Amino acid sequence: IESNSAMDGKNLAIFFDRDPNTRWHSWYRAEGSTVVEHSDAPYDVYITFPEEVTLKGVRYTPRPQGTTGIVDEAIVYGSSDGFRFAELGKAKFNYGQNYSDRSKQTVEFPDVTVKVICFRMTKTYGNNHGTGAELEVVKGDEGQAIHIEEYLKFNEKTGGKIKLTIDSEVAYNDGREIKLIAPATIVDGRTLVPVRFVSESLGAKVTWDAAEREVG
């Protein structure tokens, strides 16, 4: 995840933390209650996926309190190589009278397969900064909002702890609860663990060859 206007890495991560009560904020410097320096729109957030994904939209959740900085208009660009970008879709958001509606807003576009997307906030309320609670993508093959964290693989490990319990369908990756399709189990004295969960938690890509019935 990268941005041309995030205050710092932690601030940008808030945009993807699954907590609508926290908010990302574009760069600014204040003296007391007065903003004396700030980044100018547009505010760009780039998301690079570990592999190509098929998307049909990007979903933005405005900040939970206050009105300044809420995104009024946005454009989504996509790229297969991270260098050449094409416009996928744009939207003018509607929050009702006096920005009273804090529901999610979506930039929709026809299904497209990309490696990188850019969410460009072209106009915000107040015009001198941008804010947001959450940013999600909408998968083309499922048609539902999926949190970007589901796709991203970070090089920097925060502890790298994987926790499984025998016969439990709940596991943990760095403290985050994961629902397993099949639990870890013991068969003939040997402990069997779900390959996909363990491998993908370590950053590997797992594929299934149906013809050969092999995991790769």
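What counts, and at which threshold
- Residues numbered from 1 in each chain as written.
- Predicted model: local features only at pLDDT ≥ 70, side-chain atom pairs only at ≥ 80, totals over all residues.
- Heavy atoms only, no water.
- Helix = DSSP H or I, 4+ residues; strand = E, 2+ residues; numbered from the N terminus.
- Buried < 20%, exposed > 50% of the residue type's maximum accessible area, 1.4 Å probe, protein only.
- Contact = heavy atoms within 4.5 Å.
- Salt bridge = Lys/Arg side-chain N within 4 Å of Asp/Glu carboxyl O.
- Core = buried A, V, L, I, M, F, W, Y, C linked by side-chain atoms within 4.5 Å.
- Phe/Tyr/Trp six-rings, centres within 6.5 Å; stacked < 30°, edge-to-face > 60°.
- Pairing = 2+ DSSP bridges.

**Some words on the overall build of the protein chain**
Then, number 1: Across its full length, the protein chain holds two helices and 18 strands.
Then, number 2: For the protein chain, buried positions account for 34% of its 216 residues.
Then, number 3: Long-range contacts, defined here as pairs at least 24 residues apart, represent 63% of the contacts in the protein chain between residues at least 6 apart.

**Notes on the pattern of salt bridges**
Then, number 1: Under the counting rule described, the total for this entry stands at six salt bridges.
Then, number 2: In this structure, Arg 120 engages Asp 44 in a salt bridge whose closest nitrogen and oxygen atoms are separated by 2.7 Å. You can see Arg 120 sitting in strand β8 (residues 105-124) and its partner Asp 44 sitting in strand β5 (residues 43-61), a full 76 residues away along the chain.
Then, number 3: Exposure remark for Arg 120: the relative accessible area of 25% places this residue in the partly exposed category.

**Here we look at the nonpolar core**
Then, number 1: Counting residues in each nonpolar core, the largest one holds 29 residues, and the members touching the most others are Val 45, Leu 55, Tyr 60, Phe 93, Ile 117, Phe 119 and Leu 135.
Then, number 2: Residue contributions to this core peak at eight residues, all from β5.

**Details of the packing of aromatic side chains**
The relation between two aromatic rings is expressed through the spacing of the ring centres and the mutual angle of the planes.
Then, number 1: Here the structure, examined in full by the defined rule, presents nine aromatic pairs.
Then, number 2: When the ring of Tyr 95 is compared with that of Tyr 99, the centres are 5.5 Å apart and the planes differ by 20 degrees; the resulting orientation is stacked. For the pair Tyr 95 and Tyr 99, a shared accessibility class is recorded, and that class is buried.

**A closer look at the sheet that holds strand β12 (residues 162-163)**
Then, number 1: Taken together, the three strands give an open sheet; going across it, the order is β12-β13-β14, and neighbouring strands pair in antiparallel fashion. Every other strand in the sheet has two partners, leaving β12 and β14 (176-179) as the edge strands with one partner each.
Then, number 2: Pairing between strand β13 (residues 170-173) and β14: four bridges, direction antiparallel. Paired with Tyr 172 across the two strands is Glu 177, which belongs to β14.

**Thoughts on unusual backbone geometry**
Then, number 1: Note that the residue after Ala 41, namely Pro 42, is joined by a cis bond; omega there is 10 degrees.
Then, number 2: When you line up the elements, Pro 42 lands in the loop between β4 (34-38) and β5.
Then, number 3: Even without glycine at this site, Tyr 99 takes up a positive phi of about 60 degrees.
Then, number 4: When you line up the elements, Tyr 99 lands in the loop between β7 (85-92) and β8.

**Looking at the environment of Pro 62**
Then, number 1: If you trace the backbone, Pro 62 turns up in the loop between β5 and β6 (71-79).
Then, number 2: By relative accessible area, Pro 62 is classed as buried at 2%.
Then, number 3: Distance from Pro 62 to Tyr 99, taken between C-alpha atoms, is 9.8 Å for residues 37 residues apart in sequence.
Then, number 4: Excluding anything up to four places from it in sequence, Pro 62 contacts Ile 70, Tyr 95, Arg 102, Ser 103 and Ala 133.

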